[in-house]
Amino acid sequence: KPTPTTVVISKHPISQKKPLSAVIKEVCDGWNLPGPENYALQYTDGVQMYITESNRLDIKNGCILRLTKAPGRCAEDLFKGIQSSDAGVRCDSLKELAGVSTDMTFAQEFISRNGHLLLVKIVEDSTETFLQKSNVIMTHTLKAFMELMYHGIVSWENLSTVFIKKIASFVNAKPTDASIQQVSLDILENMVLSSQRTYYSSNEHASLNMNISDFLTDLFLLQNIIHSSGSVQDEMAHHLYVLQSVTLNHQELRMRTPLDCYSQEQRDILHGLRQAAFETESENSLSNERRRSLCAKEFKKLGFSNNSNPGQDLVRTPPGLLALDTMFYFATRYPDAYSRFVLENSSREDKHECPFARSSIQLTLILCEILRIGEPPSETGSDYHPIFFSQDRLMEELFCVCIQLLNKTWKEMRATQEDFDKVMQVVREQITRTLSSKPTSLELFKNKVNALNYSEILKLRQTERLHQEEILAPPVLELKERLKPELLELIRQQRLNRLCQGTMFRKISSRRRQDKLWYCRLSPNHKMLHYGDVEEDSDNPTIETLQEKIPVADIKALLTGKDCPHMKENKGKQNKEVLDLAFSITYDVEEYSLNFIAPSRTDFCLWTDGLSVLLGRDMSSETMRSELDILLSMEIKLRLLDLENVPIPDSAPSVPKPPSNYNFCYDFSQTEQ
């Protein structure tokens, strides 16, 4: 016999014509429960969402609902429970709150009682001793706060500096529980992303970003996360990427600000650069005309194009004032290297000298582009540079290394002024290739980038060019076409095997959630798609545990991007990253659809390819094309091993003309004497 709070809808159908309050009253009357206004219906499986008038039509036959406390009553009880003097009651209330806060109806009720401010106060009043003794309570508090904020009822920008400092301290504290650290980074990320969405209408964006990044300790992140024995997980890599992006974007204002030729401070910096490079006689004793002539001559030696008014060289944005900052940092931080650079080039012939100012301005722009300064962090990015977390002033220190590299490369190329753009292209390649190897310190970067000299760049380019030429040879292209069908079949089988293994997907939501998951996999006979809700810690659930299934024969169409039903429902609210990961299948005469948001672009390609194979269509993803190219390249190389150093003709040799006669047949009728 079911408990008094459980109703099996498949046995007691709900009339969709009656008000929900009338349905709840009927259930309460059936169990002799007074006060039906204090009760509500709620799903028992998966996400335990409250049934409301707005979502009641989504109830499917066979769903099990339970009669439970109404959202308002539940919110009131938990609001009192988290203020209890009993630590056990307080912990249990916070744990329950973290679970039920995923529901919008409950969240509205709890926030209307200022419950979220109570959670903020718990965080602000916490001490190091409290954190060490009550890690579990703080974990539940932060998770509940995160779930409440996901609904967008309260703005992230209303949080106090005290709260931000506390959250950042949870990241930095060494004994902090990993779950507290993870959700704390998630909170900081959402504060940053929220401030960026209102960037052009708010002046608090830069100060908030500076506030957050200043509270985070790069040394702690470097030693305890990046250099830890385990690999950095995807979610943590994303947080590190966001922190790097936010911190580097502090340079954006200077990058987009042109030099003011009437600013005395900026003019003094320019003259400081000149005086630091050249030891000249006292300028005070010179006439104005003699002083202007001397300044113009020295600014020309420094490499300014407009030597009479060098500030004009820094009017262009980007890099704007950031180029002046990097030059001044180099001159003051490494004065010997700065003087050596300028004086060495001053002694060369005019056409062979490397112009310091012009090179510095262009190099600063290149570094801004490589480090993506001025670009807001994406919601799915995870490409961070470990070197960033080992340096307080990465932009300036990288410039100091790379400007000396530029001078070295200039000499290796025996460059002239006409070769300036070519040299900058080589320097860009040296920097990007070195950063792609993920150096963990500035010293390691310096050693690697200097080892990658101009001759090494030429060798790499030549290897890549020869490889490209081999691929484009006509006989090789013909061989590739013959190999394609066999390799495509190999990829098709791999895709189907991948679908049989299955993938864990996140529930569709306008905001990123961490606990709403479902799993989908293809049956071994390729005839059924099985899917169902799973817990976060579950690992490859079996087909038997997945409650729902769709016959492959019933699938009518595969939709992607903005054509998906769940993307049309949220039109205007989805960013490009989400659109690029969305796909759906329609089934049963296109009346129903199963909607997906892939965990990554790779998973998106694998699933859309696999579903295309099931539907008898050609695979079209970029991953398929990349894998096909790799397999073709490997197969071609294996088949051409015996032809090493043998030139491959562009066309097959011509067939010779037939002989004038065929009188060269051996007569077998005559025997040898």
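Residues numbered from 1 in each chain as written. Predicted model: local features only at pLDDT ≥ 70, side-chain atom pairs only at ≥ 80, totals over all residues. Heavy atoms only, no water.

Naming follows an unreviewed UniProt entry, where the chain appears as ELMO domain-containing protein of Amphiprion ocellaris.

### Topic: the overall build of the chain
Scanning the chain for helices and strands turns up 27 helices and 10 strands. By the burial criterion, 45% of the 673 residues in the chain qualify as buried. Sequence separation of at least 24 residues holds for 67% of the intrachain contacts in the chain that already meet a minimum separation of 6. Accessible surface for the chain amounts to roughly 36,700 Å². Of this, 50% is attributable to carbon and sulfur atoms. (Helix = DSSP H or I, 4+ residues; strand = E, 2+ residues; numbered from the N terminus. Buried < 20%, exposed > 50% of the residue type's maximum accessible area, 1.4 Å probe, protein only. Contact = heavy atoms within 4.5 Å. Areas by Shrake-Rupley, 256 points an atom, 1.4 Å probe, with all protein chains shown as cover.)

### Regarding the packing of aromatic side chains
Geometry of an aromatic ring pair is reported as the spacing of the ring centres plus the angle between the planes. The tally for this structure, following the rule as stated, stands at 23 aromatic pairs. Pairing phenylalanine 145 with tryptophan 156 gives two aromatic rings, centres 6.1 Å apart and planes at 85°, and the pair type is edge-to-face. Of this pair, phenylalanine 145 sits in helix H7 (residues 135-150) while tryptophan 156 sits in the loop between H7 and helix H8 (161-172), and the two are 11 residues apart along the sequence. Across this residue pair, the class does not change: phenylalanine 145 and tryptophan 156 are buried. Relative to tyrosine 592, the ring of tyrosine 587 has its centre 6.0 Å away and its plane inclined at 25°; by these criteria the two rings are stacked. Overall, tyrosine 587 belongs to the buried group, its relative accessible area being 13%. Residue tyrosine 592 is classed as partly exposed on the basis of its relative accessible area of 47%. (Phe/Tyr/Trp six-rings, centres within 6.5 Å; stacked < 30°, edge-to-face > 60°.)

### A word on helix H23 (residues 474-501)
The end-to-end C-alpha separation of H23 is 40 Å, in line with the 40 Å expected for 28 residues at 1.5 Å each. When the local axis directions of H23 are compared, the greatest deviation, roughly 40°, occurs at lysine 484, which is followed within four positions by the proline proline 485. What H23 keeps buried is the set Val476, Lys480, Leu483, Leu487, Ile491, Arg495, Leu496, Arg498, Leu499 and Cys500. (Expected span 1.5 Å × (residues − 1). Bend = angle between axes of the 7 residues up to and from the residue.)

### Quick look at the pairing of strand S9 (residues 582-587)
Among the 6 residues that make up S9, 6 are buried, leaving the element largely enclosed by the rest of the structure. The alternating pattern of S9 places Ala582, Ser584 and Thr586 on one face and Phe583, Ile585 and Tyr587 on the opposite face, and all of these are buried. The pairing of strand S8 (residues 555-560) with S9 spans 5 bridges and is antiparallel. Bridge pairing links isoleucine 555 to tyrosine 587 in S9. (Pairing = 2+ DSSP bridges.)

### Observations regarding the side chain of threonine 326
For threonine 326, the location among the structural elements is in helix H16 (residues 321-333). A relative accessible area of 1% places threonine 326 in the buried class. What threonine 326 contacts, discounting residues up to four positions off in sequence, is Thr364 and Phe399.

### Side note on the pattern of salt bridges
Going through the model one piece at a time under the given rule, you end up with 28 salt bridges. With its nearest N and O atoms 3.1 Å apart, the salt bridge here joins arginine 492 to glutamate 489. Of the two residues, arginine 492 and glutamate 489 are both situated in helix H23; the distance of 3 residues between them amounts to about one turn of the helix. Note that glutamate 622 and arginine 601 form a salt bridge whose closest N and O atoms lie 2.6 Å from each other. (Salt bridge = Lys/Arg side-chain N within 4 Å of Asp/Glu carboxyl O.)

### Some details on the sheet that holds S8
Judged by pairing direction, the sheet is antiparallel, and its 3 strands sit side by side in the order S8-S9-S10 without closing on themselves. Because the sheet does not close on itself, it has two edges, and the strands there are S8 and strand S10 (592-597). Strand-to-strand twist of the sheet, defined as the mean angle between neighbouring strand axes without regard to direction, takes the value 20°. Here 6 bridges tie S9 to S10, and the two strands are oriented antiparallel to one another. Looking across to S10, one finds that isoleucine 585 is bridged to leucine 594. Helix H26 (residues 601-614) contacts S8, S9 and S10 of the sheet and is inclined by roughly 25° relative to S9. (Axes fitted to C-alpha atoms, helices over the stretch in contact; angles between N-to-C directions.)

### So, the packing of H23 against helix H27 (residues 622-639)
In the contact formed by H23 and H27, the axes pass within 9 Å of each other and the chain directions differ by 125°. In terms of their interaxial angle, H23 and H27 are classed as oblique. In the crossing of H23 with H27, the sense of the turn from one axis to the other is right-handed. Across from Val476, Leu479, Lys480, Leu483, Lys484, Leu487, Leu488, Leu490, Ile491 and Arg495 in H23, the residues of H27 making contact are Thr623, Met624, Glu627, Leu628, Leu631, Leu632, Glu635, Ile636 and Arg639. For the contact of H23 with H27, the per-class residue count stands at 12 nonpolar, 1 polar and 6 charged. (Parallel < 35°, antiparallel > 145°, perpendicular 65-115°, else oblique. Left-handed = near helix turned anticlockwise from the far one by under 90°. Nonpolar A, V, L, I, M, F, W, Y, C, P; charged D, E, K, R; others polar.)

### Things to note about the side chain of glutamine 266
Of note, glutamine 266 is situated in helix H14 (residues 264-277). With near-sequence residues (within four places) excluded, glutamine 266 lies in contact with Leu259, Asp260, Leu321 and Leu324.

### With respect to unusual backbone geometry
The residue after threonine 317, namely proline 318, is reached through a cis peptide bond having omega -20°. Within the secondary structure layout, proline 318 lies in the loop between helix H15 (288-302) and H16. Residue proline 318 is joined to proline 319 through a cis peptide bond whose omega torsion reads 10°. You can see proline 319 is positioned in the loop between H15 and H16. Even without a glycine there, the phi angle at asparagine 114 is positive, about 60°. Its place among the elements puts asparagine 114 in the loop between helix H4 (104-112) and helix H5 (115-124).

### Quick look at H4
By the burial criterion, the buried members of H4 are Phe106, Ala107, Phe110 and Ile111. Seen from one end, H4 has its buried residues packed into an arc of 125°, which puts them on one side. On its buried side, H4 packs onto helix H2 (71-81), helix H3 (87-100), H5 and H7. Two or three places before threonine 105, at the start of H4, stands the capping residue aspartate 103, its side-chain oxygen 2.9 Å from that residue's backbone nitrogen. Downstream of H4 by a residue or two, asparagine 114 has a phi angle that is positive, lying close to 60°. (Arc of directions from axis to C-beta. Polar contact = N/O pair within 3.5 Å; in protein donor to acceptor, adjacent residues only side chain to side chain.)

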